[in-house]
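Observations on the three-dimensional arrangement
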Amino acid sequence: MSKRVAVMDLGTNTFHLLIAEGESHHYHEIVHITEAVKLGEGGINKGYIIPRAFARGVSCMQRFHDLIEANKATKVRAIATSALRNASNGHDFIEAVKDKTGIAIEIIDGEQEAGFIYQGVKLSGCLSAKTSLVMDIGGGSVEFILGNADKITWKQSFEIGAARLMDLFHRTDPIPPASVEALNLYLEDKLTDLFTATADTEIDKLIGSSGAFETFAGLIAAEKGEPFNLKNIQSCDFDEEELLALTGKIVQSTHLQRAANTGIIPVRVDMIVAASLVTRFMMQRLHIHQVSMCTNSLKEGVLAGMLA
């Protein structure tokens, strides 16, 4: 009988639950849901989970617990990243969840997070023999992994997630050119380790792991009138010009224009601006012309280990 396992990825903006069974390379999804918890709302750069966000997080975990029980998962892992890692009351949140659901949340560091993301992306078959740069833009942190289908050559997590950048730079809408310039200078300063690591490396392509990249792919497909269903794809390649045109349009858009676009999920309506700027910055700074999207991320990496 195959194992049935549950993985929760508790991010800064969204909490994900994936219940699956089977083999690590061939599993069947039973439940796959994402909830916009917005744990970092109002306190992301202050290192504190505000009461409203705290309550939303706990009630989401109670719903997840009910689904795990109903679907009889035998192994359960709940992984917390940047927001809980850095919140002064993160431990209180973990205690509250344990008390109400019995679920023990594990806080992982940025290195472990990057490792799981690599495993998830590797599982999808996105990686080749050439060196790729995997980028996962979260709300609290951004993970960068250099590697190929065989191994990781370098990985690091940076606390420059979309929610943090939005809080620091995207205060008026549309974001003013001066703020874009300030954000780019900030990235240049914060990502020195990445630029050192990539200095003598030829990067074949940039692989964007889930999140904003799924939105980019969906919006480009919609503009062309092409069908697009995330359930049916694990990866896709972008046309460089189309991606730069789309991200440019997002950066110049207003909140109302983005909110009216059905291709952008509500939790991403504002974060997508910072995510677009980070993507553009990376492409231009590292002279990358090939960009792909991979739907797999941290939770699939954790899942692979649990099913192995």
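Residues numbered from 1 in each chain as written. Predicted model: local features only at pLDDT ≥ 70, side-chain atom pairs only at ≥ 80, totals over all residues. Heavy atoms only, no water.

One number sums up the size of the largest pocket: a volume of about 1100 Å³. Lining the largest pocket are 48 residues, and of these His 16, Ser 210, Gly 211, Glu 214 and Arg 268 sit closest to its centre. Counting only elements with at least two residues in the lining of the largest pocket, the list comes to strand E2 (14-23), strand E3 (26-36), helix H4 (110-123), strand E6 (132-137), helix H8 (212-223), helix H11 (271-285) and helix H12 (298-307). A per-class count over the lining of the largest pocket returns 15 nonpolar, 23 polar and 10 charged. By volume, the second largest pocket amounts to about 280 Å³. As for the second largest pocket, its lining consists of 19 residues, of which Asn 13, Lys 38, Glu 41, Met 166 and Met 271 are closest to the centre. At 3 residues, helix H5 (residues 162-169) tops the list of elements feeding residues into the lining of the second largest pocket. (1 Å grid on protein atoms, 1.4 Å probe; cavity = no way out; pocket = protein on both sides within 12 Å on 5 of 7 lines; lining within 4 Å. Points joined across faces, edges and corners; volume = space filled by probe spheres on them. Helix = DSSP H or I, 4+ residues; strand = E, 2+ residues; numbered from the N terminus. Nonpolar A, V, L, I, M, F, W, Y, C, P; charged D, E, K, R; others polar.)

Looking now at H11. In a regular helix each residue adds 1.5 Å, so 15 residues correspond to 21 Å; H11 covers 21 Å between its end C-alpha atoms and thus fits that length. Counting buried positions along H11 yields 12 of 15 residues, so the element is predominantly enclosed. Residues of H11 that are buried include every one of Met 271, Ile 272, Val 273, Ala 274, Ala 275, Ser 276, Leu 277, Val 278, Thr 279, Phe 281, Met 282 and Met 283, and no others. (Expected span 1.5 Å × (residues − 1). Buried < 20%, exposed > 50% of the residue type's maximum accessible area, 1.4 Å probe, protein only.)

Quick look at the packing of H8 against H11 now. Look at H8 against H11: their axes get within 10 Å of each other, and the N-to-C directions meet at 90 degrees. The orientation of H8 with respect to H11, classified from their angle, is roughly perpendicular. Taken together, the residues of H11 that come into contact with H8 (itself represented by Ala 212, Phe 213, Thr 215 and Phe 216) are Ile 272, Ala 275, Ser 276 and Thr 279. Considering only residue class, the contact of H8 with H11 consists of 5 nonpolar, 3 polar and no charged. (Axes fitted to C-alpha atoms, helices over the stretch in contact; angles between N-to-C directions. Parallel < 35°, antiparallel > 145°, perpendicular 65-115°, else oblique. Contact = heavy atoms within 4.5 Å.)

One finds Leu 133, Phe 144, Leu 191 and Met 282 to be the most contacted residues of the largest nonpolar core, which totals 51 residues. Counting residues per element, this core draws most heavily on H11, which supplies 10 residues. Discounting residues that sit within four places of it in the chain, Phe 144 has contacts with Leu 133, Val 134, Met 135, Trp 154, Lys 155, Gln 156, Phe 158, Leu 191, Leu 194 and Met 282. Ranked by size, the runner-up nonpolar core spans 30 residues in total, among them Leu 10, Ile 19, Ala 53 and Ala 87. (Core = buried A, V, L, I, M, F, W, Y, C linked by side-chain atoms within 4.5 Å.)

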